[in-house]
Amino acid sequence: AQSVTQLGSHVSVSEGALVLLRCNYSSSVPPYLFWYVQYPNQGLQLLLKYTSAATLVKGINGFEAEFKKSETSFHLTKPSAHMSDAAEYFCAVSEGSNYKLTFGKGTLLTVNP
Amino acid sequence: ETGVTQTPRHLVMGMTNKKSLKCEQHLGHNAMYWYKQSAKKPLELMFVYNFKEQTENNSVPSRFSPECPNSSHLFLHLHTLQPEDSALYLCASSQEDSPITYEQYFGPGTRLTVT
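Residues numbered from 1 in each chain as written. Chains lettered and ligands numbered in written order. Predicted model: local features only at pLDDT ≥ 70, side-chain atom pairs only at ≥ 80, totals over all residues. Heavy atoms only, no water.

(A) Expanded view of the interface of chain B and chain A. Taken together, the contact pairs 23 residues of chain B with 21 residues of chain A. Each partner contributes to the roughly 1800 Å² buried at the junction of chain B and chain A, and carbon and sulfur atoms together form 57% of this total. When the shortest N-O distance is used, the salt bridge between Glu103(B) and Lys49(A) registers 2.1 Å. The interface formed by chain B and chain A contains four residue pairs in polar contact (both at pLDDT 80 or more). Going through the elements one at a time, strand 4 (31–37), strand 5 (44–50), strand 6 (53–57) and strand 9 (87–94) of chain B are the ones with two or more residues in the side of chain B that touches chain A. (Contact = heavy atoms within 4.5 Å. Buried area = accessible area lost by both parts, 1.4 Å probe. Salt bridge = Lys/Arg side-chain N within 4 Å of Asp/Glu carboxyl O. Polar contact = N/O pair within 3.5 Å; in protein donor to acceptor, adjacent residues only side chain to side chain. Helix = DSSP H or I, 4+ residues; strand = E, 2+ residues; numbered from the N terminus.)

(B) Structural detail: the state of the cysteines. Counting across every chain of the model gives two disulfides over all chains. Through a disulfide, Cys23(A) is tied to Cys91(A); the S-S separation comes to 1.9 Å. On the sign convention where negative is left-handed, the bridge of Cys23(A) and Cys91(A), at about -65° about the S-S bond, is left-handed. Of this pair, Cys23(A) sits in strand 3 (residues 19–26) while Cys91(A) is found in strand 9 (residues 87–94), placing the two residues 68 residues apart along the sequence. Across this residue pair, the class does not change: Cys23(A) and Cys91(A) are buried. Each sulfur in the disulfide pair Cys23(B) and Cys91(B) lies 1.9 Å from the other. Since a negative S-S torsion denotes a left-handed disulfide, the Cys23(B)-Cys91(B) link at about -75° is left-handed. A residue pair is termed long-range when its members are at least 10 positions apart, and Cys23(B) in strand 3 (residues 18–25) and Cys91(B) in strand 9 qualify at 68 residues. (Disulfide = S-S within 2.5 Å. Buried < 20%, exposed > 50% of the residue type's maximum accessible area, 1.4 Å probe, protein only.)

(C) Spotlight on the nonpolar core. Counting 27 residues, the largest nonpolar core has Trp35(A), Leu48(A), Phe74(A), Leu76(A) and Tyr89(A) as the members making the most contacts within it. In this structure, Val4(B), Phe64(B), Leu78(B) and Val114(B) belong to the second largest nonpolar core, which totals 22 residues. (Core = buried A, V, L, I, M, F, W, Y, C linked by side-chain atoms within 4.5 Å.)

(D) Representation of empty space enclosed by the protein within the structure. With the rule as written, the count across this model stands at one cavity of 30 Å³ or more. Quantified by volume, the largest cavity comes out at close to 60 Å³. If you trace the largest cavity, you find it lined by Asn41(A), Arg9(B), His10(B), Leu88(B), Pro108(B), Gly109(B) and Arg111(B). Here the residues of the lining of the largest cavity are counted per class, giving two nonpolar, three polar and two charged. (1 Å grid on protein atoms, 1.4 Å probe; cavity = no way out; pocket = protein on both sides within 12 Å on 5 of 7 lines; lining within 4 Å. Points joined across faces, edges and corners; volume = space filled by probe spheres on them. Nonpolar A, V, L, I, M, F, W, Y, C, P; charged D, E, K, R; others polar.)

(E) Expanded view of the environment of Ala1(A). Residues and elements named next belong to chain A. Relative to the helices and strands, Ala-1 is located in the segment before strand 1 (3–7). The class for Ala-1 is exposed, based on a relative accessible area of 89%. Once the C-alpha coordinates of Ala-1 and Gln-42 are considered, the two residues, 41 residues apart in sequence, prove to be 29 Å apart.

(F) Expanded view of the environment of Gln42(A). Secondary-structure assignment places Gln42(A) in the loop between strand 4 (32–38) and strand 5 (44–50). Sequence separation of Gln42(A) and Lys58(A) is 16 residues, and the distance between their C-alpha atoms is 23 Å. Setting aside residues no more than four positions away along its own chain, Gln42(A) makes contact with Leu88(B) and Pro108(B).

(G) Molecular detail of the side chain of Glu103(B). The residue Glu103(B) is located in the loop between strand 9 and strand 10 (105–106) in this model. Overall, Glu103(B) belongs to the buried group, its relative accessible area being 11%. A distance of 2.7 Å separates the side chain of Glu103(B) from the side chain of Tyr105(B), its partner in a polar contact. Residues in contact with Glu103(B), not counting those within four places in the same chain, are Phe34(A), Tyr36(A), Leu46(A), Lys49(A), Ser93(B) and Ser94(B).

(H) Geometry of the packing of aromatic side chains. For the structure on display, the rule yields 12 aromatic pairs over all chains. With centroids separated by 5.8 Å and ring planes inclined at 50°, the aromatic side chains of Tyr36(A) and Phe103(A) adopt a geometry described as tilted. Taken together, the residues Tyr36(A) in strand 4 and Phe103(A) in strand 10 (residues 102–103) connect sequence positions 67 residues apart. On the numbers, 5.7 Å between centres and 90° between planes, the contact of Phe103(A) with Tyr35(B) is edge-to-face. Note that Phe103(A) is positioned in strand 10 and Tyr35(B) in strand 4, a pairing that runs across two chains. This pair shows no difference in class: Phe103(A) is buried, exactly as Tyr35(B) is. Of the aromatic side chains, those joined through ring pairs into one cluster are Phe34(A), Tyr36(A), Phe103(A), Tyr33(B), Tyr35(B) and Phe106(B). (Phe/Tyr/Trp six-rings, centres within 6.5 Å; stacked < 30°, edge-to-face > 60°.)

Below, the structure is given as structure tokens:
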């Protein structure tokens, strides 16, 4: 069975600082991994995805994530936070042949001026 | 309209009411999903429809009844709900015969309040 753990339900950074949101997964088969963002009163928007190609994945809005099989991790980073990055971020895993997505509990990112 | 749309965006209903949520996807996908998002809980997958056939029902109470008349439309019929059913209900769609990734595209959600 697949599962996702997001360490830290709330992360606060200063504008211009590095953003690091952590995600660890478990999967019985090579996984597909996703990061979604949810702004207030909106649905989820796909930021980036890992599909067994390059382990460093670049997404929208300057975010990227690195798949590390040995650590079963897929952490999300952005070199310099903007105020507009304040939102909730969800990591999700799919086992490919099983099209279901399993989501983590989410991490709320706050960006301070 | 583009992407995935949901109506209404907000709904307040009493426990004895009957209402329906509507979802429409304009992406040509063949799979649609209902999720429940409650405060401080992970997204809960409720139902999955693949090529209009229900393929997943995650032990959802019978007071929630889905309907998928075609691959573009998905409904969630609600009756005799409980206050704990208050949540954001999200619809999503994906292309299930894609060799790629099964990424899902989400609508903006319906904020449901049961009084």
